[in-house]
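# Structural features, examined
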Amino acid sequence: HILLIDSNSPLMEQLNFFHDHTLLIITLITILVGYNMLSLLTNSFINRFLLHGQLIEIIWTILPAIILLFIAFPSLRLLYLLDETNKPSLTLKSIGHQWYWSYEYSDFKNIEFDSYMVPSAELNEGDFRLLDVDNRIVLPNHTQIRLIATATDVIHSWTVPSLGVKIDATPGRLNQTNFYMNRSGLFFGQCS
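Residues numbered from 1 in each chain as written. Predicted model: local features only at pLDDT ≥ 70, side-chain atom pairs only at ≥ 80, totals over all residues. Heavy atoms only, no water.

### Describing the sheet that holds strand β1 (residues 90-96)
Convention followed: For two strands to be treated as a pair, DSSP must find at least two bridges joining them. Strands are runs of DSSP state E lasting at least two residues, helices are runs of H or I lasting at least four, and both sets are numbered from the N terminus onward. Only C-alpha atoms enter the line fits that serve as axes; for helices the fit covers just the stretch in contact. Angles between N-to-C directions range over 0 to 180 degrees.
Sheet architecture is open: five strands sit in the order β3-β2-β1-β4-β7, paired in mixed fashion. Bordering the open sheet on either side are β3 (112-116) and β7 (175-180), each of which pairs with just one other strand. Across the sheet, the mean angle from the axis of one strand to that of its neighbour is 25°, orientation sign disregarded. Of the pairings in the sheet, the one linking β1 to strand β2 (residues 100-105) comprises five bridges and is antiparallel in character.

### With respect to the pattern of salt bridges
Filter applied, for reference: Criterion for a salt bridge: a side-chain nitrogen of Lys or Arg within 4 Å of a carboxyl oxygen of Asp or Glu.
Applying the stated criterion across every chain yields a total of one salt bridge. As a salt-bridge pair, Arg-136 and Asp-132 come within 2.4 Å of each other at their nearest N and O atoms.

### A closer look at the pairing of β1
Threshold: Between buried and exposed lies partly exposed: a residue is buried under 20% and exposed over 50% of the maximum accessible area for its type, with that area taken using a 1.4 Å probe on protein chains only.
The buried fraction of β1 amounts to six of the seven residues, a majority that puts the element mostly inside the structure. Here β1 folds back onto β2 in antiparallel fashion, the turn holding three residues.

### Section: the packing of helix α1 (residues 10-42) against helix α3 (residues 54-83)
Counted only if it meets this: Orientation labels follow simple angle bins: below 35 degrees gives roughly parallel, above 145 gives roughly antiparallel, 65 to 115 gives roughly perpendicular, and whatever is left gives oblique. Take the far helix as your reference; a near helix turned counterclockwise from it by less than a right angle gives a left-handed crossing, and one turned clockwise gives a right-handed crossing. Contacts are assigned to residue pairs that have any heavy atoms within 4.5 Å of one another. Any residue that is not Ala, Val, Leu, Ile, Met, Phe, Trp, Tyr, Cys, Pro, Asp, Glu, Lys or Arg is counted as polar, Gly included; the first ten are nonpolar and the last four charged.
Two numbers describe how α1 lies on α3: the axes approach to 11 Å, and their chain directions differ by 170°. Taken together, the axes of α1 and α3 lie roughly antiparallel to each other. Remark: the crossing between α1 and α3 carries left-handed chirality. Residues Leu-11, Gln-14, Leu-15, Phe-18, His-21, Thr-22, Ile-25 and Ile-29 of α1 lie in contact with α3, whose contacting residues are Ile-67, Phe-70, Ile-71, Pro-74, Ser-75, Arg-77, Leu-78, Leu-81 and Leu-82. In the contact of α1 with α3, the residues fall into 12 nonpolar, four polar and one charged.

### A word on α1
Here is the rule: A helix is expected to span 1.5 Å for every residue after the first.
Here α1 contains 33 residues, and its C-alpha end-to-end distance of 48 Å stays within 8% of the 48 Å for a straight helix at 1.5 Å per residue. Among the residues of α1, those classed as buried are Leu-11, Met-12, Asn-16, Thr-22 and Ile-25. Along its buried surface, α1 packs onto α3 and β7.

### Brief notes about the UniProt feature "domain: Cytochrome oxidase subunit II copper A binding" (unreviewed entry) in the protein chain
Going by this rule: UniProt positions are given in the numbering used here, feature names are shortened, and annotations may be inferred rather than shown by experiment.
On the UniProt side, "domain: Cytochrome oxidase subunit II copper A binding" (unreviewed entry) is annotated at positions that read residues 87-192 here. With 0% helix and 40% strand, residues 87-192 has end C-alpha atoms that lie 28 Å from one another.

### Describing the nonpolar core
This is how it is decided: Only buried residues count toward a nonpolar core. Its members are Ala, Val, Leu, Ile, Met, Phe, Trp, Tyr and Cys residues joined through side-chain atoms within 4.5 Å.
Counting residues in hydrophobic clusters, the biggest one holds 18 residues, and the most contacted among them are Tyr-103, Leu-147, Trp-158, Leu-163 and Phe-179. Every element with two or more residues in this core is listed here: β1, β2, β4 (144-151), β5 (156-160) and β6 (165-169). In terms of residues, this core owes the most to one element, β4, which gives four residues. If we skip the residues at most four places from it in the chain, Phe-179 touches Leu-139, Thr-143, Gln-144, Ile-145, Leu-147, Trp-158, Leu-163 and Val-165.

### A look at the side chain of Ser-102
Note the threshold: Counting of polar contacts relies on pairs of N or O atoms within 3.5 Å, with two restrictions inside protein: one atom must be capable of donating a hydrogen and the other of accepting it, and residues adjacent in sequence are counted only when both atoms are side-chain atoms.
Checked against the element boundaries, Ser-102 lands in strand β2. According to the relative accessible area criterion, Ser-102 is buried, its value standing at 10%. In terms of polar contacts, Ser-102 uses its side chain to reach the side chain of His-97, at 2.8 Å. Those residues in contact with Ser-102 that lie beyond four places of it in its chain are Lys-93, Ser-94, Ile-95, His-97, Phe-113 and Asp-114.

This is the structure in structure tokens:
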């Protein structure tokens, strides 16, 4: 996929497919409009039937509405898929702080920890600058996971692009989303 990270969840795969679908429609529209503009600039003939035509006006009014439907229906389907919460096997609570995140595995007793970004001066060989943390979240793959996000001070955004997950952590509110990982690996996200 062009300019998109490899997906690791079914939701991100659907987002990639929707991106490609919409890009194809936009490309076809751009080519058609560009061809018509080039044709108008290079053509010196005037067709008297095109100056006042009821049929052509109906066509160029209805055709864009039909094209918008081809974009709207897959988009609405995807919005409902992203918001659907299946039966989660594991719940992770994420609490955003000014410069770090706190995590709690809600299904187990007393498993909670803070996750700080590793300073650039303390990075080891192979670590990623501004992405690596001292305590990573460990989650199982092929498992439906619910994420509950909140914050203590300001609005944060918990995001992992390869999972297609981005959720706002707002002080005083609980937001929830879910995700499913297709394969194991090390996946990075940032507060954006």
